[in-house]
Amino acid sequence: MEKILEVKDLKTYFYSSGKEIRAVDGVTFSLNRGEILGIVGESGSGKSVTSLSIMRLVPSPPGKIVGGEIIFAGEDLLKLSEKEMRKIRGEKISMIFQDPMTSLNPVFTIEEQLLEVFRVHKKLSKKDAREKAIELLKKVGIPEAEKRLKSYPHQFSGGMRQRVMIAMALALNPALLIADEPTTALDVTIQAQILALMKELQKEYGTSIIMITHDLGVVAEMCHRVLVMYAGRPVEFADVKTLFANPKHPYTIGLLNSIPRLNEQKKRLTPIEGSPPDLGNLPRGCAFYPRCSFKQEVCSEVKPDFRELPDRKIACHLYQGVLDDAAAS
Amino acid sequence: MVNYIVRRLLQLIPVLFGITFLTFMLIHFIPGDPVTVILGEHASPERAAELREQLGLNDPLYKQYLKFLNNLLHGDLGRSIITHEKVLKELATFFPATVELTLAAMFIATVVGIAAGVVAAVKQYSWFDNLSMLGALTGVSMPIFWLGLMLIYLFAQVLGWLPPSARLSIEYSVPTVTNLYLIDTLLAGNWAAFKDALAHLILPALALGTIPMSIIARMTRSSMLEVLRQDYIRTARAKGLGEAMVILKHALKNAFLPVLTVIGLQFGYLLGGAVMTETVFSWPGVGRYIYQAIMARDFPVVQGSITIIALIFVLINLIVDILYTVIDPRIRYQ
Ligand SMILES: Nc1ncnc2c1ncn2[C@@H]1O[C@H](COP(=O)(O)OP(=O)(O)O)[C@@H](O)[C@H]1O
Ligand code: SF4
Ligand SMILES: [Mg+2]
């Protein structure tokens, strides 16, 4: 399968008040054309910074991409000039954000904000652009699209605004869509509608999607593969079925135990005890060490590599031995 | 919207009442009266009493006030005690001078203030940011009197680039239409006079514009910083817009609202007469006019001018409030 995106050892740090905050520290994953990849992890684990890094939109200062590669369609985005990058944003890679209430500019009409995408990237006549905009709004399920073009964001509900964001993101049929918790801010019923819409459009356009979420239900529903992140680092990367049926990393196991499952009559949920480490002051070894119930001596001293198993990638000393044994024999 | 405007205009009535009443009380409670000013310290008491009677100053205060109101309702602001000219007529010559000066000052203040504020915000903590904000801080605390004198010294005396005072050189004269010299000279088609009027306007406008410019720059900066953090700015960048579009279109329009408030307020203050500036630059404006009237206890002039200025101040506020709705569609008045 053709890889549309390959992120290798991405490191994005923030520098504030003399401290180095390793928000993203060695993230590695890849995404095939037409695939939906989930990125999960607790809040603060570096999911948003990862996606902003791909867009090269990390606020700088204080942030800086200090290492790694982001190969998109064969090109390392980190080597592009800002001007070349602007051609990619919104046309080849687009993004929708968590809070539709604040992601649209309150002082411009929907039309203005939609047409802008065409204006920046394509030489379309105003009339053609308008027609395309109406078609898009219809496609994302906005009734009376023609009339609503003249509306301002505050005249839409949260769900409708997210539909507008989706329309804007898909306007130029990008190869990659990054959705950063697109439904977190919405009601449950609206969430389901938006996810259904994204799924439908994904099928139709064949867009590759990075679906960032802290909701494993969304992952199960939408994604083909999943990257689990903890404290800015990748901990487990596998396809959805494998991960849900047979989670191996202690953090993934903890995550799965902390969500209610419909098919299993689990009586008690066991949230992971403790809280994520301070990114400005990470433990020397495994970042999960303080909270891990499987920890070993080596874990506090040595940072586990993110290594390949036959059915997944994982960063945990429990499996390091397995690998080394395999390598020795 | 029309309802709203009508309602706001109706609200003007009590406000103007309040203001005229307050001015009336204030000016009558300042010790001294115009009679002393007109006749001098050593006039005979009989002559003084006669004049006082003639000017209606012996009437009870409430009666004087009601008389003023009655005249006001008939569009009559009375006559100056000192010059015997109609106050409205005098205002028609002095007020345009102030309007012209204020417009020029606010133009400079707005353009430079917003530009500096935007750049300072975009390049936060850069040398430009530090320098311009230091300048703005100095600007707000600068005594205008002193600043005016320095400007005159440097640009008029030392460099000789610009005239130090008055509105127009004596060799020019143009027919008065609006009493705004920039317009009148153009209407007369007198290009040389226009340039002369403009040259006269620059220094006082700079002096008068310094404080509003500083306030506008600081307000623009903080408002921009706030807006640049917003999610929709990130959305604009994610669409592939260039920085110029992101900042000048998406950010500035949002950041402009609080700046507009400041512009409106400052505009009102300046119209109220920039006594200092007008004095330093011998600018025949309404500030000096009122100041002299207060000194002479010229009650009708003080009363009439302040009423007009209050009216304009309130109208500017109304215009600003209406402009809000143009800029921000979320603001709607019932
Ligand atoms: N603008 C910023 N300035 C400083 N630190 C930041 C900034 N944005 C993110 N970070 C750091 O990066 C960490 C990860 O943030 P984020 O990627 O938003 O987490 P997630 O999306 O997984 O909830 C945060 O906990 C914070 O320490
Ligand atoms: S490396 Fe050690 S501490 Fe970290 S998750 Fe694995 S077992 Fe737990
Ligand atoms: Mg996030």
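Residues numbered from 1 in each chain as written. Chains lettered and ligands numbered in written order. Predicted model: local features only at pLDDT ≥ 70, side-chain atom pairs only at ≥ 80, totals over all residues. Heavy atoms only, no water.

Per an unreviewed UniProt entry, chain B goes by the name Peptide ABC transporter permease and belongs to Carboxydothermus islandicus. According to the UniProt record, the Subcellular location (unreviewed entry) comment for chain B reads "Cell membrane". Per its UniProt entry, chain B bears the Sequence similarities (unreviewed entry) comment "Belongs to the binding-protein-dependent transport system permease family." (UniProt positions renumbered as here; feature names shortened; annotations may be inferred.)

Per an unreviewed UniProt entry, chain A goes by the name ABC transporter ATP-binding protein and belongs to Carboxydothermus islandicus. For chain A, the Sequence similarities (unreviewed entry) comment in UniProt is given as "Belongs to the ABC transporter superfamily." Quoted straight from UniProt, the Subcellular location (unreviewed entry) entry for chain A says "Cell membrane".

## Brief notes about the UniProt feature "transmembrane region" (unreviewed entry) in chain B
All names here are of chain B. Per the UniProt entry, the sites bearing "transmembrane region" (unreviewed entry) are residues 12-30, 101-122, 134-156, 197-217, 255-276 and 305-327 in this numbering. A helix fraction of 100% and a strand fraction of 0% characterise residues 101-122, whose end C-alpha atoms lie 31 Å from each other. End C-alpha atoms of residues 197-217 are separated by 28 Å, and the span's content is 100% helix alongside 0% strand. (Helix = DSSP H or I, 4+ residues; strand = E, 2+ residues; numbered from the N terminus.)

## Some details on the site of ligand 2
Ligand 2 sits among His249, Pro250, Cys286, Phe288, Tyr289, Cys292, Phe294, Lys295, Cys299, Cys316, His317 and Leu318 of chain A. For the shell around ligand 2, the residue count by class is 9 nonpolar, 2 polar and 1 charged. (Near = heavy atom within 4 Å. Nonpolar A, V, L, I, M, F, W, Y, C, P; charged D, E, K, R; others polar.)

## Points about the side chain of Arg312 of chain A
Residues and elements named next belong to chain A. Position of Arg312 relative to the elements: it lies in strand β12 (residues 312-314). The exposure class of Arg312 is buried, given its relative accessible area of 3%. At 2.8 Å, the side chain of Arg312 forms a polar contact with the backbone oxygen of Asn246. Ignoring any residue separated from it by four or fewer positions in sequence, one finds Arg312 in contact with Glu236, Phe237, Ala238, Thr242, Asn246, Pro247, Lys248 and Arg307. (Buried < 20%, exposed > 50% of the residue type's maximum accessible area, 1.4 Å probe, protein only. Polar contact = N/O pair within 3.5 Å; in protein donor to acceptor, adjacent residues only side chain to side chain. Contact = heavy atoms within 4.5 Å.)

## Things to note about a nonpolar patch on the surface
A surface patch of nonpolar side chains, amounting to about 490 Å² of accessible area, comprises Val2, Val6, Leu10, Ile13 and Phe17 of chain B. Mapped onto the elements of the fold, Ile13 of chain B is located in helix α1 (residues 2-29). (Patch = residues over 30% accessible without salt bridge, like charges linked within 9 Å, V, L, I, M, F, W, Y side chains within 5 Å. Areas by Shrake-Rupley, 256 points an atom, 1.4 Å probe, with all protein chains shown as cover. Salt bridge = Lys/Arg side-chain N within 4 Å of Asp/Glu carboxyl O.)

## Describing the UniProt feature "domain: ABC transporter" (unreviewed entry) in chain A
Using the residue numbers shown here, the UniProt feature "domain: ABC transporter" (unreviewed entry) corresponds to residues 5-256 of chain A. For residues 5-256 of chain A, helix accounts for 40% and strand for 28%, while the C-alpha atoms at its two ends are 27 Å apart.

## Notes on the sheet that holds strand β3 (residues 36-40) of chain A
All names here are of chain A. Strand order in this open sheet of 8 strands is β6-β7-β8-β3-β9-β10-β12-β11, and the pairing throughout is mixed. Two strands bound the open sheet, and with one partner strand each, they are β6 (93-96) and β11 (307-309). Sheet twist, expressed as the mean angle between neighbouring strand axes with direction ignored, is 20°. Here β11 pairs with β12 via 3 bridges, running antiparallel. When the sheet's bridge partners are listed, Leu309 is paired in β12 with Arg312. Packed onto the sheet, helix α1 (residues 47-55) meets β3, β6, β7 (176-180), β8 (208-212) and β9 (225-230) and runs at close to 150° relative to β6. (Pairing = 2+ DSSP bridges. Axes fitted to C-alpha atoms, helices over the stretch in contact; angles between N-to-C directions.)

## Observations regarding the pairing of strand β1 (residues 3-16) of chain A
Within a regular strand, side chains alternate between the sheet's two faces. Residues and elements named next belong to chain A. Note: β1 against strand β2 (residues 19-32), 10 bridges, orientation antiparallel. When the bridges of β2 are listed, Phe14 appears paired with Ile21. Taking the residues between adjacent antiparallel strands as the criterion, β1 and β2 are bridged by 2 residues, where Ser17 takes a positive phi near 40°. Relative to strand β4 (residues 63-72), β1 is paired through 8 bridges, and the arrangement is antiparallel. Bridged to Glu6 within β4 is Ile71.

## Looking at the packing of helix α13 (residues 286-295) of chain B against helix α14 (residues 299-327) of chain B
In a pair of packed helices, the angle between the axes and the distance between the axes together describe the arrangement. Residues and elements named next belong to chain B. Between α13 and α14, the shortest axis-to-axis distance is 9 Å and the interhelical angle comes to 145°. Every pair of crossing elements has a handedness; the one defined by α13 and α14 is left-handed. Residue-level inspection shows Val286, Tyr289, Ile290, Ala293 and Ile294 of α13 in contact with α14, the latter providing Val301, Val302, Ser305 and Ile309. A class-by-class count of the residues in the contact of α13 with α14 yields 8 nonpolar, 1 polar and no charged. (Left-handed = near helix turned anticlockwise from the far one by under 90°.)

## Quick word on the site of ligand 1
All names here are of chain A. Near ligand 1 you find 14 residues, and of these Gly44, Gly46, Lys47, Ser48 and Val49 are the closest. Contact distances for ligand 1 include 2.7 Å between an oxygen atom and a backbone N or O atom of Gly44. Backbone polar atom of Val49 to an oxygen atom of ligand 1: 2.8 Å apart, as the coordinates give it. Protein contacts shield 68% of the accessible area of ligand 1, which totals 560 Å² for the unbound molecule. By residue number, the principal contributor to the shell around ligand 1 is α1, which donates 3 residues.

## Some remarks on the nonpolar core
Of all hydrophobic cores here, the largest spans 100 residues; its most connected members are Leu5, Phe29, Ile54, Leu137, Met198, Ile210 and Met211 of chain A. Of all the elements, helix α7 (residues 158-170) of chain A adds the most residues to this core, at 7 residues. Sequence-distant contacts of Ile54 of chain A, that is, excluding residues within four places in its chain, are made with Leu5, Val7, Phe29, Ile70, Leu77, Met85, Ile93, Ile178 and Ile210 of chain A. Grouped together as the second largest cluster of nonpolar side chains are 61 residues, Leu51, Leu57, Ile233 and Val302 of chain B included. (Core = buried A, V, L, I, M, F, W, Y, C linked by side-chain atoms within 4.5 Å.)

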